[in-house]
Amino acid sequence: MSNQTAPVLQLKGGFIYTLRLILQSNDIEQIKAALEDRLAKTGSLFLNEPLIIDVNEIEAPLAWAELLDFLNKKNLPVIGVSAQGELLEQAEGRGLYIIDVDNLPNREAPEPSPTTEAVVLESTATTTSVQDLPAREEAPTEASKPTMVLKRQLRSGQRVYARNADLIVIGAVSPGAEIIADGNIHVYGPLRGRAIAGARGNTAARIFTSHLDAELVAIAGIYRLIDEDFSPETHKKAAIIELEHESLLFHSGEDFN
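Criteria and thresholds
- Residues numbered from 1 in each chain as written.
- Predicted model: local features only at pLDDT ≥ 70, side-chain atom pairs only at ≥ 80, totals over all residues.
- Heavy atoms only, no water.
- Patch = residues over 30% accessible without salt bridge, like charges linked within 9 Å, V, L, I, M, F, W, Y side chains within 5 Å.
- Areas by Shrake-Rupley, 256 points an atom, 1.4 Å probe, with all protein chains shown as cover.
- Salt bridge = Lys/Arg side-chain N within 4 Å of Asp/Glu carboxyl O.
- Helix = DSSP H or I, 4+ residues; strand = E, 2+ residues; numbered from the N terminus.
- Buried < 20%, exposed > 50% of the residue type's maximum accessible area, 1.4 Å probe, protein only.
- Pairing = 2+ DSSP bridges.
- Axes fitted to C-alpha atoms, helices over the stretch in contact; angles between N-to-C directions.

A. The arrangement of a nonpolar patch on the surface in detail. A surface patch of nonpolar side chains, about 430 Å² in accessible area, is lined by Val 8, Leu 9 and Leu 11. Relative to the helices and strands, Leu 9 is located in the segment before strand E1 (19–22). In this structure Leu 9 comes out as exposed when scored by relative accessible area, which is 62%.

B. Seen up close, unusual backbone geometry. At the junction of Ala 60 and Pro 61, the peptide bond is cis and its omega measures out at 5° in the coordinates. Here Pro 61 is to be found in the loop between strand E2 (51–54) and helix H2 (64–73). In the Ramachandran plot, Lys 236 falls in the positive-phi region, its phi being about 60° despite a non-glycine side chain. Note that Lys 236 resides in the loop between strand E13 (222–225) and strand E14 (239–244). A positive phi angle, close to 55°, is found at His 245, a residue other than glycine.

C. Quick peek at the sheet that holds strand E15 (residues 247–252). Ordered by their spatial adjacency, 6 strands build an open sheet running E5-E7-E9-E11-E14-E15, and the pairing between neighbours is mixed. The open sheet has two edge strands with one neighbour each: strand E5 (147–150) and E15. Adjacent strand axes in the sheet meet at a mean angle of 20°, parallel and antiparallel pairs treated alike. Sheet topology places E14 next to E15; 6 bridges connect them, and they run antiparallel.

Encoded structure:
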């Protein structure tokens, strides 16, 4: 009989992608109202995302208990706080982990990899479910990059996620519908709902559409809302969207002819 025993654990270095909630007021009612409004507009984009609370731009007092309870109810798990002075002492007193936001890792772009699991997720209700959102895990590197092709219209309340793959939709994406891919997104038809590419942090992902009229577009967590006004050169026209230096760039499809 072998005297060797199986290891019971491993320790590995790594990093995760996080949201950073930068507070610019200590008025808890204003904070909750602003978050409610932002989450209503962004759908499931930020649900279950690890969150760092940055309070370096405000002064005490802050209703920590009420804020943390609110974030918990909104499925935004707090993993740490960036603070100083009295707010730092209050955060430490609550057992919150103190994070130096100036030394967080930069974004990287994991490559998509094949998967055999089902990737079409639909609901007749609004898109508030969080269980099927992509986890920000490292994907194994493969030579091939699979593509999911959907040949039909997506109606309001429907949701499709192409895990570890590009997504091609041949048809319209209606308002209230949501498409998510770990790689690129191509929409050959009107894009009127939400499109989230590079969902696990792939900053090289792009969004292509023959008719841009989206409620929201996002790449690797950087997003833009329709109420912020798309450029007349791309609004309701063929467009290509890419991420550069933490900003979304919109190109007319005619620029690439």
